[in-house]
Structure formats: C-alpha cells, structure tokens
Amino acid sequence: MTKRLKVAEILRTEPLNTTVQVKGWVKAFRNNQFLALNDGSTSTNLQVVVDFENTDSAIIDRIKFGAAIRAQGTLIESQGKGQKVELKATEIEIYGDCNPEEFPLQPKKQTLEFLREHAHLRFRTNTFAAVFRLRHKLAFAIHKFFEDRGFVYLHTPVITASDAEGAGEMFRVTTLPMDNPPRTESGEVDFSQDFFKRSTNLTVSGQLEAELGAMALGEVYTFGPTFRAENSNTTRHLAEFWMIEPEVAFNDLQDNMDLAENMLRYVIQFALEHCADDLKILEDRLIEEEKSKPQDQRSDMSLTEKLRFVVENEFVRLTYTEAIDILKNSTPNKKGKFQYPVEGWGTDLQSEHERYLVEKHFKKPVILTNYPAEIKAFYMRQDEPKEGVPGPTVSAMDILFPGIGEIVGGSQREERYDKLVRRMHEMHIPEEELSWYLDTRRFGTCPHAGFGLGFERLVLFVTGMTNIRDVIAFPRYPGSAEF
RNA sequence: GUCUCAUUAGCUCAGUUGGUUAGAGCAACGGACUGUUAAUCCGUAGGUCCAAGGUUCAAGUCCUUGAUGGGACGCCA
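Keep in mind it's a predicted model, so treat the numbers as computed, not measured.

Considerations on the sheet that holds strand β11 (residues 240-249)
The strand order across the open sheet built from 8 strands is β6-β10-β11-β16-β15-β14-β13-β12, with neighbouring strands paired in mixed fashion. Of all strands in the sheet, those bounded by a partner on one side alone are β6 (152-153) and β12 (316-319). Judged from the 9 bridges that link them, strand β10 (residues 219-227) and β11 form a sheet pairing that is antiparallel. Bridge assignment links G224 to a residue of β11, and that residue is M243. The sheet contacts of helix α11 (residues 351-362) involve β12, β13 (366-369), β14 (396-401) and β15 (405-412), and relative to β13 the element is tilted by about 135°.

A closer look at the sheet that holds strand β9 (residues 200-202)
On the basis of which strands lie adjacent, the open sheet formed by 3 strands has the order β7-β9-β8 and antiparallel pairing. Looking at strand neighbours, the two that pair on one side only are β7 (159-160) and β8 (172-173), the edges of this open sheet. Bridge count for β7 against β9 is 2 bridges, and the pairing is antiparallel. Looking at the pairing, I159 lines up with L202 of β9.

Points about the domain arrangement of chain A
Its domain assignment divides chain A into domain 1 (7-103) and domain 2 (124-169 + 204-470). Taking only C-alpha atoms, the centre of domain 1 and the centre of domain 2 are 45 Å apart. Counting from both sides, the interface comprises 8 residues of domain 1 and, opposite them, 7 residues of domain 2. When domain 1 packs against domain 2, the two sides together hide about 540 Å² of surface, and 36% of this comes from carbon and sulfur. In terms of surface lost to domain 2, no three residues of domain 1 exceed K27, S43 and F103, which account for 65% of the buried area on that side.

What to know about the protein's contact with RNA strand B
Around RNA strand B, 48 residues are found, and the nearest of them are R30, Q47, K81, H237 and R457. Sugar plus phosphate, as a fraction of atoms of RNA strand B within 4 Å of the protein: 50%. Here a phosphate oxygen of RNA strand B and a side-chain polar atom of S351 are 2.9 Å apart. Between R355 and RNA strand B, the recorded distance is 2.8 Å, taken from a side-chain N or O atom to a phosphate oxygen. Elements supplying a minimum of two residues to the surface near RNA strand B: α3 (112-116), β11, α11, β15 and β16 (448-454). Tallying contributions element by element places β15 first for the surface near RNA strand B, with 4 residues. Split into classes, the residues belonging to the surface near RNA strand B amount to 11 nonpolar, 21 polar and 16 charged.

As for the pattern of salt bridges
Scanning the model with the defined rule gives 23 salt bridges in all. A salt bridge links R441 to E211; its shortest N-O distance comes to 2.8 Å. Placement of R441 in helix α13 (residues 435-442) and of E211 in helix α5 (residues 207-217) is noted, with a sequence separation of 230 residues between them. Relative accessible area serves as the criterion here: at 4%, R441 is assigned to the buried category. Residues K376 and D398 are paired through a salt bridge, measuring 3.2 Å at the closest nitrogen-oxygen approach. Of this pair, K376 sits in the loop between β13 and β14 while D398 sits in strand β14, placing them 22 residues apart in sequence. Taking the relative accessible area as the measure of exposure, K376 reaches 14% and is therefore buried. For D398, a relative accessible area of 4% corresponds to the buried category. Salt bridges linked by common partners bring E211, E247, R413 and R441 together as one network.

The rules behind each value
Residues numbered from 1 in each chain as written. Chains lettered and ligands numbered in written order. Predicted model: local features only at pLDDT ≥ 70, side-chain atom pairs only at ≥ 80, totals over all residues. Heavy atoms only, no water. Pairing = 2+ DSSP bridges. Helix = DSSP H or I, 4+ residues; strand = E, 2+ residues; numbered from the N terminus. Contact = heavy atoms within 4.5 Å. Axes fitted to C-alpha atoms, helices over the stretch in contact; angles between N-to-C directions. Domains from an automatic or database assignment. Buried area = accessible area lost by both parts, 1.4 Å probe. Near = heavy atom within 4 Å. Polar contact = N/O pair within 3.5 Å; in protein donor to acceptor, adjacent residues only side chain to side chain. Nonpolar A, V, L, I, M, F, W, Y, C, P; charged D, E, K, R; others polar. Salt bridge = Lys/Arg side-chain N within 4 Å of Asp/Glu carboxyl O. Buried < 20%, exposed > 50% of the residue type's maximum accessible area, 1.4 Å probe, protein only.

Right under this line is the structure:
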C-alpha cells in the first residue's frame, strides 16, 4: 500500500523514480493528458500525466474541473516545460464527480463579487486558498510572537453582561420569547427571568477582562471573535471579526507603541518568510487588478515590496496636536480639497485626513498619540497638561496603515482610581456595573497598557485584498449572515 | 444610516437618437489534435434584458417604486 503524499511535500522533496500516491482536486485537464492537481497543501499544482491510451475512457470522461481524485504512479522529471517534476500516472480513481454544467466555478477568472456570493466554494480558487493559508500563518505568527515573549493567552468571555464598555452597538443574547417576553411592573422586559437572570450581549471587546488578567499574570493577550451591531457598510468593517488584545502590566504608552510596532513587523516578516508562494499569487492578482485602473491610481510598490518596506522602516510617531498642525498647513487643506476642512484642535480626524498623513505626507505607517480626552474612551490615562496643547489629552495611540486606516487602537490605561471614577461620572458610565473593573484600581493598581488589533485588517494588508469580506471565511455584515 | 454607480447568456461585458430576428469573449458541450501550461483548431447549444408599475404606435434603452450588488462617507478594530 503506497502512502499518500501531500503535493507540498512532493514538490519539496522530489522523490524521483519512486511510486507516489496523491489525492486532490482537478484544477485543469488539458489535451486529455495533463492534469493539474491541487490538494490545498500549497498553491502550486502537481502535474499528473494520464496515459490516455491505456486508461478507461469512462474514467477520462470524469476528469473534470473540480472533481476529487486519487492518482498513483511514478514521479519523474518533467518531460515538458513549466514544472520540474510530474507524476506519470498508472492509476486514476474518481472520488467525487464535478458536473461542469452545474458547478458554479469555472476554470477562468471570476470576480471577487461573484465569488463572495458563493463563499462556500470560493476556497477552491487560487486567490482564496492563498488568502486563507496566509490568514492561518498570520494567526500562528501572532501566537508565536506572544509565546516567545512570555505572554499568557487569556480566553475572555464571548457573552458579557457589561454594557458600559462603549465600544459600539451590541447584539443581545437572550432565551426569552421574543413575541411575549415577561415584563416588570413598569412594563419593561424582565431580564431577571432570562437565562443569566440579567441582560446579556455578545462581547465588543475583551479588554476589560484582559486587564483583570494582566493584574496578576503580567502579560496577557486575547485572540477571539468580537461582535459589533453597528450598521457599518464599508470595506473595512464586519459585524463579527477577530481581535487580538494584549494587555501588559507596568507598560506605559511608549512600551505599548513598541510592542504593537514590533508585533506588526514580526508577523509581516513571518508571512514574507513562510508564505512566499501564496504572496506571489496575491501579488500577481493585484497587478492584474490594477491594470484596469488609471496609471495614477496604481500603487508604486508591489505587494511584497510594500510588506518589506513596513518591516524595514520604523513607523512615524507623532501626537494628535502635531498631526493637526501638519494637516492645517497641508496643500489639500489650503486648497479646500478636503471634504472636511481641518479647522481646529479637538475634533476627530476624518479618514481622508488619516489617509493624507499615511499615504501622502509620511508614506509609511503612522502612530498617532495623545488624542483629546473628549473623543476617546473613559479608561484611557489622562495626560498632564502640556504647553502648546490646547486641551486635556489621554495616552491613546492609533496605528494607521496605508490603504487600511486604523489597524490598531490602544492606550495606557488610567490606573488612578479617583481619576478613573471622575471620568466615568463625566461620561455617565454607571460605576456599580463596573465595580469588578474598578477593583483592579482599588487593590494593587499599577500602570499598564494595551491595544486592540483588528485581525482581518491585518490580513487585508498582508494579502493586498481590498474588501474585508474577502479575508474572513463567512463574513457577517448588515443584511448578511449566509452560510 | 447618507450619497453614488450598476443589474442583458454559466461568467465578464457590448448594445447608437426609443425602431425589424439582442451580440462578443471566456466557460460548457461535440469533434480534431496529442508534451500541454490562459493549449490550439472546427462546430453546437445557451436569454423571464433584476422585479412591478407607467409613458409611447413601439421600451433592453425613458420615468416611478422596490430588490440585490459595488464604491464612497459616518461609527470603529
């Protein structure tokens, strides 16, 4: 019995003149003879040469695009150009037929929009196979990065009772009957009769729980699904996405920036080292896609050049106040080219402003820090007043990437109990609901910092895909929860 | 949620100022060829022109409403 080998292993070890067995799916069948076989282990296909004169024609007829087959024979040096080795098949077995008249995919270019509507089949295309192998490697690289640095992977709950985090609209979790829920005397839904005896939601962030872990384990991170019920319809938002949230005791804002920047550079470097084949597929796809764009809208770097550039160059770090100055004096602002003119200090930056800073002014990733307290979350550490800064700021940081915008959002946390509680009152956040969170500040509080990284946004950047719905297997967004 | 563009064959798209029988490339199918690599050559089949209403002698084409999809913006990761 010949052991089955994966295509990736065959191409790596090239066991010439031995009998090998492969199993996979037909990607092409030319000339009744040349079968391109892919088993998912690599983007490269194995050429299987079928002896059509000595193979049952009933079998030959069933070798169709998409069919699952087994092939066995001798691995030889390729007699043709285009590949080093090929399998001279003596046995072909069909596991699963694939009727070309019914199969939605075709051996030709298909648009991402079409494939999105057939998301259950799109793994079978070169592009999506490459995207999902890369997604896996990036997830692995993130775990390795933190493991190598002594972090503890903390699993924070998916169902939470807190609705005070303020990160966005939440999906409610309940087992109460929707048509006739129990009501209190005042007529409100009586959640004390619900499964958890209180109102619960899907988590919008594991940060607050991660902070609890960091207060004893020192360095923790979360990596799990996160849910936002915002009605966001963009190429960079999902209702269900995966987020990585490190939280580190005794780190300040500078440490936090270093950690985020090192992590991003590490995982991108990891992809460059371990996913060259898949990156090549995606790079070629991008070049092909950009051919239809006018010259001035094409990127001046290829995908891998862009990734190398990020790995080799330090991110630019500047404060919100400095960014406002640059934007105020920028050519587009003076010429009235911004849809939202930069008027003064204190308002949030629009995405056109972020894009200008990253893509035009600095032309590299940018870390913006020390935002106005007004526009940021309650738990961010309040800065000391500083000359030249018009209002109170917090030790926040956002990392902006070209083409993606905000990929990381984080801060040094407010560890001072009094200041934190005062801020919660100002922002009308009920203290009693977060008493467990405030306990961290009451018992052995310490400076600490953390951030959230949107995993799909990272995958977007590394794969060069442009719609976030194409880097998660089964995307959830307003009006869509298919599959 | 707002704005905007689109919807014609399995896919990607043409379709003129409203006018006879709606076209192409690719894919599929049949055949030829048999060392191909986006194979090639010959042939065949394939249409509720998104839906409903309206204008008109006449609507794929114009108008209204809706559905679906793309993009931009806002919210953010």
